[in-house]
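Descriptive analysis of the structure
Now for the letters of each chain:
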Amino acid sequence: MHMWTPDVYDGSPTAFTAFMATVVKAAAFFAFIRLFKSSFSNLSSHWILVLSIITAATLLVGNVTAVFQQSVKRMLAYSSIAQAGFMLFAVLAVNSADASRSIIIYAVAYSVATIGIFSVLIKLKDYTYDGFNGLAQKEPLLAFVTAIFLFSLAGIPLTAGFMAKYYVLLAAVEQGQLLWLVIFALLMAAISVYYYFRVIIAMYFKSGSPEMNEQVSAGHKFMLIVTTMLILLMGIAPQLFLNNK
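Overview of the structure. It should be emphasised that the depicted structure is a prediction, and the values quoted were computed from it without experimental measurement.

1. With respect to the overall build of the protein
- Check the secondary structure of the protein and you find ten helices and zero strands.
- Ordered by position from the N terminus, the helices and strands of the protein form the series α-α-α-α-α-α-α-α-α-α.
- The C-alpha radius of gyration computed for the protein amounts to 18 Å, which stays within 12% of the reference 18 Å derived for 245 residues, consistent with globular compactness.
- Taking the principal axes of its C-alpha atoms as reference, the protein extends roughly 55 × 35 × 30 Å.
- The buried share among the 245 residues of the protein stands at 53%.
- Of the roughly 11100 Å² of accessible surface on the protein, a fraction of 69% belongs to carbon and sulfur atoms.
- The positive charge centre, built from 14 side chains, and the negative charge centre, built from 9, are 7 Å apart in the protein.

2. As for helix α8 (residues 160–175)
- End to end, α8 covers 23 Å across 16 residues, agreeing with the expected 22 Å (1.5 Å per residue, within 8%).
- Along α8, the residues classified as buried are A160, G161, M163, A164, K165, Y167, V168, L169, A171 and A172.
- Considering only its buried residues, α8 is in contact with α4 (72–92), α5 (99–121), α7 (140–154), α9 (179–205) and α10 (218–236).
- Backbone geometry just after α8 places G176 at a positive phi near 85 degrees.

3. Structural notes on the packing of α7 against α8
- Running from N to C, α7 and α8 cross one another at 10 degrees; their axes reach a closest spacing of 6 Å. Taken as axis vectors, α7 and α8 run roughly parallel relative to one another. Residues S152, L153 and A154 of α7 form the contact with α8, whose own contacting residues are A160, G161, F162 and K165.
- In terms of residue class, the contact of α7 with α8 is built from four nonpolar, two polar and one charged.

4. Quick look at the nonpolar core
- M75, L76, F86, F89 and F132 are the most contacted members of the largest nonpolar core, which has 79 residues in total.
- In this view, L76 contacts Y9, I117, F118, L121, L153 and Y196; residues no more than four positions away in its chain are not counted.

5. What about the pattern of salt bridges?
- Inspection of every chain in the model, using the stated rule, returns one salt bridge.
- For the salt bridge of E139 with K221, the shortest nitrogen-to-oxygen distance reads 3.9 Å. A residue pair is termed long-range when its members are at least 10 positions apart, and E139 in the loop between α6 (135–138) and α7 and K221 in helix α10 qualify at 82 residues.
- Residue classification places K221 among the partly exposed positions, given a relative accessible area of 27%.

6. Brief notes about the packing of α5 against α10
- For the pair α5 and α10, the least separation of the axes is 10 Å and the interaxial angle reads 150 degrees. Classified by the angle their axes make, α5 and α10 are roughly antiparallel. The hand of the α5/α10 crossing is left-handed. Contacts between α5 and α10 pair I105, V108, A109, V112, A113, G116, S119 and V120 from the former with H220, L224, T227, L230, I231 and M234 from the latter.
- Grouping the constituent residues of the contact of α5 with α10 by class yields ten nonpolar, four polar and no charged.

7. Remarks on α9
- The end-to-end C-alpha separation of α9 is 38 Å, in line with the 39 Å expected for 27 residues at 1.5 Å each.
- Of all the bends in α9, the greatest, near 30 degrees, is centred on F197.

8. A look at a nonpolar patch on the surface
- Where nonpolar side chains cluster on the molecular surface, the patch consists of M3, L60, V61, V64 and F68 and spans about 460 Å² of accessible area.
- Along the chain, M3 turns up in the segment before α1 (5–11).

9. A closer look at the environment of F132
- As for its placement among the helices and strands, F132 is situated in the loop between α5 and α6.
- F132 sits in the buried class, given a relative accessible area of 1%.
- It is 6.7 Å that separates the C-alpha atoms of F132 and V199, two residues lying 67 residues apart in sequence.
- Among residues more than four places away in sequence, those in contact with F132 are V72, L121, L124, T146, V199, A202, M203 and P210.

The rules behind the values
Residues numbered from 1 in each chain as written. Predicted model: local features only at pLDDT ≥ 70, side-chain atom pairs only at ≥ 80, totals over all residues. Heavy atoms only, no water. Helix = DSSP H or I, 4+ residues; strand = E, 2+ residues; numbered from the N terminus. Rg over C-alpha atoms; globule rule 2.2 N^0.38 Å. Buried < 20%, exposed > 50% of the residue type's maximum accessible area, 1.4 Å probe, protein only. Areas by Shrake-Rupley, 256 points an atom, 1.4 Å probe, with all protein chains shown as cover. Lys, Arg positive; Asp, Glu negative; His and termini not counted. Charge placed at Lys NZ, Arg CZ, Asp CG, Glu CD. Expected span 1.5 Å × (residues − 1). Contact = heavy atoms within 4.5 Å. Axes fitted to C-alpha atoms, helices over the stretch in contact; angles between N-to-C directions. Parallel < 35°, antiparallel > 145°, perpendicular 65-115°, else oblique. Nonpolar A, V, L, I, M, F, W, Y, C, P; charged D, E, K, R; others polar. Core = buried A, V, L, I, M, F, W, Y, C linked by side-chain atoms within 4.5 Å. Salt bridge = Lys/Arg side-chain N within 4 Å of Asp/Glu carboxyl O. Left-handed = near helix turned anticlockwise from the far one by under 90°. Bend = angle between axes of the 7 residues up to and from the residue. Patch = residues over 30% accessible without salt bridge, like charges linked within 9 Å, V, L, I, M, F, W, Y side chains within 5 Å.

Just geometry here; none of it tells us what the structure is for.
Here's what the structure looks like:
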């Protein structure tokens, strides 16, 4: 059901791709949570195994396929499939008190980091990994914020993505019967570190001169800094974004 995603990501204007990857996906999962919680929560014994298998397949296919991509846009497309697999944990844990909280923090963390990385891509001409070679030397600020966005998508501690993964997996553990899937998800998250860090290695450890569509304006840099600070704040103090009453 996700196989259209890479071609659309690769072929669409970057701004539209960012919207589709964030707002549309978040809205769909909020709808899933509402539907399953209000209508199907009492029937969880009938669908939880099927949805668990779908979640595992989503994580596996998304992460493994992302490893072999040469275009960063296509890598982000397949990684978004894997991110959807993590979001499915909130649906699986719909009977848990933390289900709604976990999908909120995950949707916000994923959306902010994804919008951030596409805000960088929109300034580059070459979307391959080689197109990022030497970015740290040419645009150090752009390279730094890109690294933070990728850290968050990978779930590195002190970023919003780490807390997002923590909350959805915690909700699944509280649900019970899903420990095997949680362990599998952690293994898949480890795989994701490889393809996200390929971009960071290209920026900081390879030589090159990335071609830019245009100069990065002061306003654009300011918004990237604000987005980065938001990701770090969510990673350090996620309770500020949640209603704990």
